[in-house]
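# Tertiary structure, described
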Amino acid sequence: MNAGNQTIKCTVQQCQYNDCDKDYCTLNSITVGTHEMNPTEDQCTDCKSFQKRS
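Fair warning: this is a prediction, and the values are worked out from it, not measured in the lab.

Inspection of the secondary structure assignment puts Ser49 in the segment after β5 (45-47). Among the residues examined, Ser49 registers a relative accessible area of 13% and is labelled buried. In terms of polar contacts, Ser49 uses its side chain to reach the backbone amide nitrogen of Thr31, at 2.8 Å.

Turning to its location among the elements, Tyr17 is positioned in the loop between β1 (5-9) and β2 (18-19). For the pair Tyr17 and Lys52, spaced 35 residues apart in sequence, the C-alpha separation works out to 8.7 Å. In this view, Tyr17 contacts Tyr24, Cys25, Thr26, Leu27, Ser49 and Gln51; residues no more than four positions away in its chain are not counted. At a separation of 3.1 Å, a polar atom in the side chain of Tyr17 contacts the side chain of Gln16.

The antiparallel open sheet is built from three strands, whose spatial order is β1-β3-β2. Because the sheet does not close on itself, it has two edges, and the strands there are β1 and β2. Summarising the sheet, β1 and strand β3 (residues 24-25) pair through two bridges and their orientation is antiparallel. Of the residues in β3, the one forming a bridge with Lys9 is Tyr24.

What counts as what
Residues numbered from 1 in each chain as written. Predicted model: local features only at pLDDT ≥ 70, side-chain atom pairs only at ≥ 80, totals over all residues. Heavy atoms only, no water. Helix = DSSP H or I, 4+ residues; strand = E, 2+ residues; numbered from the N terminus. Buried < 20%, exposed > 50% of the residue type's maximum accessible area, 1.4 Å probe, protein only. Polar contact = N/O pair within 3.5 Å; in protein donor to acceptor, adjacent residues only side chain to side chain. Contact = heavy atoms within 4.5 Å. Pairing = 2+ DSSP bridges.

This is the structure in structure tokens:
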């Protein structure tokens, strides 16, 4: 696994890109999206780069 990207914090340990030791994402960049027509709260946003850890 790549070293964590210290500019992207992540605590989702179920994601294959999470560096569990340091809570960083190992990707160079991520895509953020939404599942709402008109997002108004942070819970309305999603990391579209998420991949379930195998």
